[in-house]
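Listed below, chain by chain, are the residues.
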Amino acid sequence: MRRLISFFRLFAAFSLRHAARHGGRTVAVVLGIALGAAVFTSVRLAVHASIASFTRSMDFFAGNADRVVVRPGGLLPEETLALFYTHPAVRDYSVVSTTYVRRQGEGTEPFLLIGIDPLLDRTFRSWRIEGEGTKAIEAWLDLLREPYTILLTAPLARELEVDAGGGLALEHTRRTARFRVVGLLEPSGLALVEGGRVGIVDIATFQELTGLHGGVDRIDLKFRRGVTPSEIEALARELPEDLQLGTPSAARESGTAMIRAYQLNLSVLSFASLFVGMFLVYSLVALNVAARRRELAVLRALGAAPHTLFRLFLAEGALLGGLGWILALPIGSVLVRYLLEAVSRTITTLFVRVRVEELVLSPAELSVSFAVTLGTSLIAAWQPAREAMRVSPREAMDMMTPEERRRKSARSAALLALGCLAACAVLLPLPPAGGVPLGGYLAVLLLFLGFALLSPFLLERLASGLEGRLSRIAGPPAFLAGRAVRQGAVRTAVSVGALITAVALFTALVIMVYSFRRTVETWVRQTVSGDLFVTAKMGQVNRFRFPLPEEIVTELPRLAAGFDLVESRRWPLQRGDFPYEFEAMGMETFFRHGDFLWLEGDPEALRPRIAAGEGVLVSEVFAARTGQRTGDRFQAQIEGSLVDLPILAVVRDYRTDGGIVFYSHRHFRERYHDPRWSGVRFFFREPPADPEGELARLRRAIVAAWGDRLDLIGGRELREAVLRIFDETFAVTTVLLLIALAVAALGIATTLTVLVLERSWQLNTILAVGGSPPQIRAMILWEAAFLVAVGEGAGLACGFLLSGMLIQVINRQSFGWTFLYTVDWASLGLSLPLILAAALAAALPAVRAAFRLPPAALLRQR
Amino acid sequence: MPDPEATAEPIVCARNLTRIYPLGAGTVTGVAGLNLDIARGEFVVLKGPSGSGKSTLLALLAALDTPSAGELTVAGRRLSGRPPGDLTRFRREAVGMVFQSFNLLPTLNVIENICLPALLAGRDEREARRRAEELLERLGLSGRARHPADRLSGGEMQRVAIARAVINHPALVLADEPTGNLDSRNGSAVIELLARLNREDRITVLLATHSDLADGVATRRLTLRDGALVSPPCGD
């Protein structure tokens, strides 16, 4: 204990006072760490809140069933229930169906409507009606016996401006119906699903509204006490072939599995700012060790043990990390509000529907962020602390640090860098571990480390290579700057490493996002082609499970003279944990107006075979996730049919994070059963003189015939919406990138300022022997130019390598898709000079610091 | 005793020269109303205890600091109230400085250190090198031209610093404790070198020191105490 107190006294006197004396640089580094930690923490909190909201919803919805029975790609016939009435293993059973509805009127938000049997469901899910006992029982009985009665959660009732006893009209795909609100739900259990935007109706009312007579989404089962696994397996075998017995958590697990890759990639990206901040901590602690070498030698001469010095600097790193984390909390609290909305919107768009009502400050997430921030700072301080440990007491008598040591460090760092880059090449091709591209992430880390380690060597080479030429062109300031850079290459390399990391990330993500966008644009133009898209009302939100009514299907072609129609039907299916869609579409007509983005196979030869129904096309994601390739057979149970077809080709598709399988609509009907239409797209048969007018005419005709029973969207409108969603998805990435760049600029500012302050005697000597203040300012700016040139040049090279790794490895392993590699020269050409200017501007505090004290005073100190 | 060969026109002329530094709420007087004339070609030794104002006076003479009051003319140029550009030109052309800690730039080798003032002044590089090589020859360091500055011994470093101080042919060399970090043998060699430059190149030397090593070569000795001269400014 006494030792600990002594250590803290020494730490306070030696380290804290020094930090306080050099408050500016300490604050800059703490701010850098704080920004990094704030980004890391808020991204994790935002994703965690979305996942927590999703899993909570799924858990409340799943209730306490032991198993669920479903029919992939279709509805379960109610007769299936008969199987469980007397089954020895089954104690209770209940039916559930869900769909999205909305209040009648323009621009109202859909909410989840759950259809249950209020009697059977009591043992499965917890939900309670507000009010005194009799009133609640009355409401429950009304729900059971009266058609078109509904229970709403209190927040939803407020939003819909309705109270218990009131009425409201709800729209669904098939029809609009008037409901009576019989009661409000207490905020617990089922009422918390989807952030409380939920209504409960009796299953009969549900079927009446949706037209799904005699069918339910699933049957929940509870087993008798002591039932054995073999009895459960026997039950599964007794079910008809097209039914599946699964666990109630399967949907949750499949949803969270889909989000996991997104979460991981966002976490890694958010860690980048902290990683850049780590360079700052390293930079400051290393500079302190170097600048205070003589003091360290004196401490050693006075009896301080090497490990005491080691702990002093490690504690300095911990202090910077700790303060940074504390400062990150208020910064993060602002950032998280923006991120929460952006992240939950992206998850809803790409993966599963989530609705985050509140942000929970998860102690686990806060602990992770504290541990990562502190750990990062400790790792950053480790090497300089070891350097401090090696200071010999004899150095108290030395005048200068030998030049030889610097040269040796730059060479060994370069060798280490080559080792890192070689290891990167080895790790990159490794397959993902449990769906996580671990090898890829490690390779990225080694790539950054490799380039950072290479920077002293690059600085030395650049400075010595340009020295003569620059000296002739720009005079002594450039010559002196080159020499100073060569001298301090190892120490400044850390900040250059931070800049390399930030520029590399920027370059790589600009290329990746641009490549992705250009590929998606091509995909949208070719595959999402069409002049008008028509689906059943609320088709999108209900995942196209409700086909268009037959009378509409029959009448539509009559209204659309001059148009080609491409009908389609989509089914959401599942293979293990992997969700995908099967789409039957009018291939012959489609190929006349649009195309796929072919990844494998010869399109010319394949189009006729696809149109002739010889086999299916699978998306790249489907192929990557299932391992199925061209030549394999695709098999799935869809409604009542077992689809078994060869895979003819692989195509790019970016509709969802899940996969997609395409087949001819006509041949599906001929081979299996009538798939009906869940949507149809219209193409002008010939380009009209007035396309907008023609489309408006068609829209008017459809609305006149069927009112608002259909959702209509123009082709251009849809394609623009797809690209807008894409841009919104990557808005978070842009914010994270800008923060990483800001942290790197802080690094440049801190390093240059510290270097200038440390060399103030040199600068004033130059002044004393005839240098002018403008020459000294020019020299510092030239130094900054060397650092920034290497940082940006190496960052650019590193970024190009990284972009290839992200597109070809990390994305493929994380999400299953790749894109056509396209470099956004315009954005890079515009932004890189801006980064260069910003990093040079970061040298201005250093320029000011050079003349903070009069030269005479500094000479006297020396 | 003044040098009989010294010209009558003073190279340094200070009248009521004062430098007061703010320190916290109060002030510290570095130089207090000093009057001093130094003739061309003199070798003046300035003595005094630590804190007596020797370094402050040298900094004022080198235009590294500005006086709080009084008039100062060095090498025919009035230094009070001059813009920074004029002061830079003055340092390039009129004075050379030698420091106790040598202050060689560790990033440059020996010849580059010596050439630095010439390059900063915009002189021709080849001409500067030729002059630097000449000086190295005279200082007995011709074999060390391309050595890193931080690999030299203390005596060698100070000789290089002296060469740097005189490369631009200054009229006045200001040396602040140039032997303070040297042993007596190297200290004597440095003083001898400054004396040679004074004799052969007619460079005026003002040397601030605690040591007696220069007493034998000085043409005049001055003593400073509390920022004021305690011995007569002219004559000895």
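Since the structure is predicted, the reported quantities are computational estimates derived from the model, not experimental observations.

Hey, could you run me through the overall build of chain B in this one?
Helix and strand content of chain B: six helices and 10 strands. Here chain B has a C-alpha radius of gyration of 17 Å; the compact-globule value for 236 residues is 18 Å, and the two agree. Overall, chain B is about 50 × 40 × 40 Å in size when its C-alpha atoms are taken along their principal axes. A separation threshold of at least 6 residues defines the contact pool for chain B, and within that pool the share at least 24 residues apart is 71%. Carbon and sulfur atoms make up 49% of the accessible area of chain B, which totals about 9500 Å². Here chain B holds 29 positive side-chain charges and 28 negative ones, and the gap between their average locations is 3 Å.

In this structure, what is going on with helix α1 (residues 54-61) of chain B? I would like to understand it.
Every α-helical turn comprises 3.6 residues, leaving residues that sit three or four positions apart pointing alike. Residue and element names in this part refer to chain B. Extensive coverage of α1 is indicated by the burial of seven of its eight residues. Those residues of α1 not exposed but buried are K54, T56, L57, L58, A59, L60 and L61. One or two residues past the end of α1 sits A63, with phi positive at roughly 60°.

Could you clarify how one ought to interpret the interface of chain A and chain B in this entry?
Interface size is commonly expressed as the accessible surface area that is lost when the partners come together. The interface is formed by 27 residues belonging to chain A together with 27 residues belonging to chain B. Interface area for chain A against chain B, summed over the two sides, is near 2600 Å², with a carbon-plus-sulfur share of 65%. One can count one salt bridge joining chain A with chain B. A salt bridge links R483(A) to E112(B), with the nearest nitrogen and oxygen atoms 2.4 Å apart. Inspection of the region where chain A meets chain B yields seven residue pairs in polar contact (both at pLDDT 80 or more). Tallied by class, the residues present in the side of chain A that touches chain B amount to 14 nonpolar, eight polar and five charged.

Any chance you could explain the sheet that holds strand β5 (residues 77-78) of chain B here in plain terms?
Sheet strands pair by backbone hydrogen bonding; their relative direction is either parallel or antiparallel. In space, the four strands of this open sheet follow the order β2-β1-β4-β5 (chain B), with antiparallel pairing throughout. At either margin of the open sheet sits one strand with a lone partner, and together these are β2 (26-39) and β5 of chain B.

Mind showing me how you'd approach the packing of helix α24 (residues 760-768) of chain A against helix α25 (residues 773-815) of chain A here?
For any two helices packed against each other, one specifies the crossing angle of their axes together with the interaxial distance. Residue and element names in this part refer to chain A. Contact pair α24 / α25: the axes reach a minimum separation of 9 Å and the direction vectors enclose 140°. With respect to the hand of their crossing, α24 and α25 are arranged in right-handed fashion. Contacts between α24 and α25 involve L763, I766 and L767 from the first element and P773, I776, M779 and I780 from the second. Split into classes, the residues belonging to the contact of α24 with α25 amount to seven nonpolar, no polar and no charged.

How do you make sense of the domain arrangement of chain A when you look at a structure like this?
What the domain assignment lists for chain A is domain 1 (1-62 + 256-401), domain 2 (64-247), domain 3 (403-455 + 485-508 + 731-862) and domain 4 (538-708). Taking only C-alpha atoms into account, the centre of domain 2 of chain A sits 58 Å from that of domain 3 of chain A.

Got a minute to help me understand unusual backbone geometry in this structure?
It is generally the case that most residues other than glycine have a negative phi and that most peptide bonds are trans. Residues and elements named next belong to chain B. With a phi close to 50°, N16 is a non-glycine residue in the positive phi region. Residue N16 is classed as partly exposed on the basis of its relative accessible area, which comes to 45%. Phi is positive for R202, close to 55°, though the residue is something other than glycine. For R202, the location among the structural elements is in the loop between α6 (184-200) and β8 (204-208).

Is there a simple way to explain the pairing of β8(B) in this structure?
When a strand is regular, its side chains alternate between the sheet's two faces. All names here are of chain B. The element β8 is largely enclosed, with a buried count of five among its five residues. Judged by which residues are buried, β8 turns out to be covered on both faces: T204, L206 and A208 on one side and V205 and L207 on the other are all buried. Where strand β3 (residues 43-47) lies against β8, four bridges are found, and the strand directions are parallel. Bridged to L46 within β8 is A208. Taken together, the five bridges between strand β7 (residues 172-176) and β8 define a ladder with parallel strand orientation. Residue pairing in the sheet places A175 in a bridge with L207 of β8. For the crossover that starts at β7, traverses α6 and ends in the parallel β8, the hand is right-handed.

Any chance you could explain the nonpolar core here in plain terms?
Burial of nonpolar side chains together is a common tendency in soluble globular proteins. Judged by nonpolar contacts, the single largest core of 172 residues is most densely connected at F313(A), L480(A), F582(A), V616(A) and F634(A). Top element by residues in this core is helix α15 (residues 489-526) of chain A. It accounts for 21 residues. L139(B), L141(B), L182(B) and L193(B) belong to the second largest nonpolar core, which has 42 residues in total.

Mind showing me how you'd approach the domain arrangement of chain B here?
Residues and elements named next belong to chain B. Under the domain assignment, chain B is made up of domain 1 (1-94 + 170-236) and domain 2 (105-168). A C-alpha centroid distance of 23 Å is found between domain 1 and domain 2. Of all residues in domain 1, the largest losses of buried area upon contact with domain 2 belong to R92, P170 and L193, amounting jointly to 39% of the total for that side. Between D201 and R138 there is a salt bridge whose closest N-O contact spans 3.1 Å. Linking domain 1 with domain 2 are six residue pairs in polar contact (both at pLDDT 80 or more), by the criterion used here.

Explain the packing of helix α3 (residues 110-120) of chain B against helix α5 (residues 154-166) of chain B to me, please; I cannot follow it from the model alone.
Residues and elements named next belong to chain B. Where α3 contacts α5, the axes come no closer than 7 Å and their chain directions differ by 30°. By the criterion of interaxial angle, the relationship of α3 to α5 is roughly parallel. Considering how the two elements wind past one another, α3 and α5 form a crossing that is right-handed. Residues V110, N113, I114 and P117 of α3 lie in contact with α5, whose contacting residues are V160, A163 and R164. Class assignment for the residues of the contact of α3 with α5 results in five nonpolar, one polar and one charged.

Would you mind showing me how to read the sheet that holds strand β9 (residues 220-225) of chain B here?
Residue and element names in this part refer to chain B. Read from one edge of the open sheet, six strands run β6-β7-β8-β3-β9-β10, paired in mixed fashion. Sheet topology places β6 (95-98) and β10 (228-229) at the edges, where each strand pairs with a single neighbour. Docked against the sheet, α1 engages β3, β6, β7, β8 and β9, running at close to 150° with respect to β7.

Which parts of the structure should I look at to understand the confidence of the model for chain A?
One rule of thumb: low pLDDT means the predicted coordinates there are not for detailed reading. Residues and elements named next belong to chain A. With 96% of its residues at a pLDDT of at least 70, chain A reaches an overall mean of 85. Across chain A, element-level confidence peaks in helix α20 (residues 665-671) with a mean pLDDT of 96 and bottoms out in helix α28 (residues 855-861) with 55. In the predicted structure, residues 399-406 sits below a pLDDT of 50 and forms 15 contacts with residues beyond four places in sequence or in another chain.

Before we go on, may I ask you to explain the packing of aromatic side chains in this structure?
By convention here, two paired aromatic rings are described through the distance between centres and the angle between planes. Residue and element names in this part refer to chain A. In total, this model carries 33 aromatic pairs over all chains according to the counting rule given. For the ring pair F578 and Y580, a centre distance of 6.1 Å and an interplane angle of 15° mean the geometry is stacked. Relative accessible area serves as the criterion here: at 3%, Y580 is assigned to the buried category. Measuring from ring centre to ring centre gives 5.8 Å for F590 and F591, while their planes differ by 55°; the resulting arrangement is tilted. Residue F591 is classed as buried on the basis of its relative accessible area, which comes to 16%. An aromatic cluster of at least three residues, connected via ring pairs, comprises W571, F578, Y580, F582, F622, F634, F668 and Y672. Sitting over the ring of W140, R122 keeps its end group 5.2 Å from the ring centre. Note that R292 overlies the ring of F14, its terminal NZ or CZ placed 3.7 Å from the centroid.

Teacher, can you tell me more about the pairing of strand β10 (residues 218-223) of chain A here?
All names here are of chain A. Burial within β10 is extensive, with six of its six residues counted as buried. Every second residue of β10 is oriented toward a common face, with R218, D220 and K222 on one face and I219, L221 and F223 on the other, all of them buried. Looking at chain direction, strand β1 (residues 67-70) and β10 are connected through four bridges and run antiparallel. Paired with R67 across the bridge in β10 is L221. Of the strand pairs in this sheet, strand β3 (residues 90-103) and β10 are connected by six bridges, and their pairing is antiparallel. Bridge assignment links Y93 to a residue of β10, and that residue is L221.

What is the right way to look at helix α9 (residues 293-301) of chain A in this model?
When we look at burial in α9(A), the residues that qualify are R293(A), L296(A), A297(A), L299(A) and R300(A). Looking straight down α9(A), one finds its buried side chains confined to an arc of 160°; they lie on one side.

What am I meant to see in a nonpolar patch on the surface here?
All names here are of chain A. Together, M1, L4, I5 and F8 make up a nonpolar patch on the protein surface, roughly 450 Å² of accessible area in all. Residue position: F8 is located in helix α1 (residues 2-21). Under the relative-accessibility criterion, F8 is labelled partly exposed at 45%.

About the thresholds
Residues numbered from 1 in each chain as written. Chains lettered and ligands numbered in written order. Predicted model: local features only at pLDDT ≥ 70, side-chain atom pairs only at ≥ 80, totals over all residues. Heavy atoms only, no water. Helix = DSSP H or I, 4+ residues; strand = E, 2+ residues; numbered from the N terminus. Rg over C-alpha atoms; globule rule 2.2 N^0.38 Å. Contact = heavy atoms within 4.5 Å. Areas by Shrake-Rupley, 256 points an atom, 1.4 Å probe, with all protein chains shown as cover. Lys, Arg positive; Asp, Glu negative; His and termini not counted. Charge placed at Lys NZ, Arg CZ, Asp CG, Glu CD. Buried < 20%, exposed > 50% of the residue type's maximum accessible area, 1.4 Å probe, protein only. Buried area = accessible area lost by both parts, 1.4 Å probe. Salt bridge = Lys/Arg side-chain N within 4 Å of Asp/Glu carboxyl O. Polar contact = N/O pair within 3.5 Å; in protein donor to acceptor, adjacent residues only side chain to side chain. Nonpolar A, V, L, I, M, F, W, Y, C, P; charged D, E, K, R; others polar. Pairing = 2+ DSSP bridges. Axes fitted to C-alpha atoms, helices over the stretch in contact; angles between N-to-C directions. Left-handed = near helix turned anticlockwise from the far one by under 90°. Domains from an automatic or database assignment. Right-handed = clockwise from strand over helix to strand, strands pointing away. Core = buried A, V, L, I, M, F, W, Y, C linked by side-chain atoms within 4.5 Å. Parallel < 35°, antiparallel > 145°, perpendicular 65-115°, else oblique. pLDDT = per-residue confidence, 0-100. Phe/Tyr/Trp six-rings, centres within 6.5 Å; stacked < 30°, edge-to-face > 60°. Lys NZ or Arg CZ within 6 Å of the ring centre and 35° of its normal. Arc of directions from axis to C-beta. Patch = residues over 30% accessible without salt bridge, like charges linked within 9 Å, V, L, I, M, F, W, Y side chains within 5 Å.

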